[in-house]
Amino acid sequence: MSFTEVDTEPEELENIWEERARDILNEDKTKTPEKIKELREIAKQHKDLILPDDDEFYLMFLRGGNSDPEAAFEIIKSYFTLRKAHPQYFKGCLAIESMIKTVYSQQLCDMLPHRDENGRRIYVFRPGKWNPDKISFTELFCSGYMLCEMTAREQRTQIAGFSALVDAQGFGWKQLRNISMEDGRNIASFFNISFPVWLRQSHVLNAPRVFNILFNMLRPFLSASVRDEVVFHSGDLSTLKDYFRLDLIPKDLGGTAPTMDNTPNTKKLRGMTEYFKNLENYGFLY
């Protein structure tokens with residue numbers, strides 16, 4: 001069974017994915033309705049928190065909490081706390097065409113079209129290509145967040161999570177000066193507990209010394225599960241083949257696939273306009 005063709009995946013989970021859900025998330029589909037009900041009951045105790053009413057929403061967070069309703073609700077709270085406390089990171093969601101023109105056109109980030117051999121989506125981020133004079137950090141954050149939301153609706157991604165490829169080539173003082181300590185904490189919070197899909201592993205390519213300063217700034221805020229799964233690659237990037245099939249990785253990142261192009265992502269994001277608008281109706285009242 002191949003886990004690589006995202007666009008050809010059937011809507012219903014195959015048996016092998018149900019097995020993966022059980023192995024990775026302790027998910028028992030016969031008990032899922034009961035756990036969703038429990039998660040709903042926990043949420044109802046918090047009158048100041050308005051949430052969607054569909055089971056798909058609760059299932060997504062339940063999987064983020066490894067099938068534990070209490071843990072899932074902690075993620076829900078953190079997710080909406082981050083959105084309320086730092087709305088500047090999310091306002092780009094309501095201006096998708098502007099984000100496509102300003103940010104995505106620069107090919108700074110992409111969800112690759114294939115899953116890796118562990119069934120994970122592969123997220124590419126190129127902070128060295130970021131020009132802070134033209135793109136704010138909040139826009140940069142939002143562009144990655146939107147791609148995470150895009151893939152979080154995929155059941156298989158909820159189960160397997162995603163891996164990150166960070167191409168740090170060209171990252172310098174100009175970029176570092178435009179990332180505050182608060183921004184660093186919020187990046188860490190997002191991946192630690194404020195989003196329902198697991199970041200399983202991160203791979204850093206072509207890291208200059210200045211990027212290591214950024215990583216050391218983030219390190220104290222990262223959970224052990226995130227921090228301990230960061231792999232630095234150097235030299236000719238030949239070590240990438242130990243983690244990925246190279247035919248899945250763009251040739252400009254050390255693989256043999258075509259050059260990275262996030263156009264398919266932007267097409268899908270255009271179809272999520274109403275989704276992002278509806279999100280504005282939920283969260284903490286005060």
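First, a word on what this report is: a plain description of the structure on this page. All figures in this text were calculated on a predicted structure; none of them were measured in a lab.

Rules used throughout
Residues numbered from 1 in each chain as written. Predicted model: local features only at pLDDT ≥ 70, side-chain atom pairs only at ≥ 80, totals over all residues. Heavy atoms only, no water. Helix = DSSP H or I, 4+ residues; strand = E, 2+ residues; numbered from the N terminus. Core = buried A, V, L, I, M, F, W, Y, C linked by side-chain atoms within 4.5 Å. Buried < 20%, exposed > 50% of the residue type's maximum accessible area, 1.4 Å probe, protein only. Contact = heavy atoms within 4.5 Å. Polar contact = N/O pair within 3.5 Å; in protein donor to acceptor, adjacent residues only side chain to side chain. Salt bridge = Lys/Arg side-chain N within 4 Å of Asp/Glu carboxyl O. Arc of directions from axis to C-beta.

### Regarding the environment of S238
Alright, step 1. You can see S238 is positioned in the loop between strand 6 (230-233) and helix 12 (263-270).
Alright, step 2. As a C-alpha pair, S238 and G255 span 17 residues in sequence and 9.3 Å in three-dimensional space.

### Notes on the nonpolar core
Alright, step 1. With 71 residues, the main nonpolar core has I76, F141, Y145, M146, L269 and F276 as its most contacted residues.
Alright, step 2. In terms of residue count, the dominant contributor to this core is helix 6 (residues 137-152) (10 residues).
Alright, step 3. Those residues in contact with F276 that lie beyond four places of it in its chain are C93, L94, I96, Y145, M146, E149 and L269.
Alright, step 4. Membership of the second largest hydrophobic core comes to 11 residues, among which are L112, I122, F244 and M260.

### A short note on the side chain of Q201
Alright, step 1. Positionally, Q201 belongs in strand 5 (residues 199-205).
Alright, step 2. Using a relative accessible area of 13% as the deciding quantity, one classes Q201 as buried.
Alright, step 3. Only 3.0 Å separates the side chain of Q201 from the side chain of H203, close enough to count as a polar contact.
Alright, step 4. Aside from chain neighbours lying at most four places away, what touches Q201 is R120, F162, S163, A164, E229, V231 and Y243.

### As for the pattern of salt bridges
Alright, step 1. Following the criterion strictly, the structure yields 18 salt bridges and no others.
Alright, step 2. Salt-bridge contacts for E41 lead to K44; the nearest nitrogen and oxygen are separated by 3.7 Å. Residue E41 and its partner K44 are located together in helix 2 (residues 32-44), separated by 3 residues, close to a single helical turn.
Alright, step 3. Judged by its relative accessible area of 52%, K44 falls in the exposed class.
Alright, step 4. We note a salt bridge from E274 to K277, for which the minimum N-O separation is 3.7 Å. In this pair, E274 and K277 both sit in helix 13 (residues 273-279), 3 residues apart, roughly one turn of the helix.
Alright, step 5. Within the structure, one salt-bridge network assembled from shared partners comprises E9, R115, R121 and E154.

### A few points about helix 10 (residues 209-218)
Alright, step 1. Restricting attention to buried positions, one finds in helix 10 the residues V210, F211, L214, F215, M217 and L218. In an axial view of helix 10, the angular spread of the buried residues amounts to 155°, which keeps them on one side of the axis.
Alright, step 2. For helix 10, the secondary structure elements touched by its buried residues are strand 4 (162-167), helix 8 (173-176), helix 9 (181-192), strand 5 and strand 6.

### A closer look at unusual backbone geometry
Alright, step 1. Phi is positive for N66, which is not a glycine, with a value near 55°.
Alright, step 2. Tracing the chain through its elements places N66 in the loop between helix 3 (55-64) and helix 4 (69-85).
Alright, step 3. Relative accessible area serves as the criterion here: at 27%, N66 is assigned to the partly exposed category.
Alright, step 4. One non-glycine residue, S67, adopts positive backbone phi at about 70°.
Alright, step 5. Along the chain, S67 turns up in the loop between helix 3 and helix 4.

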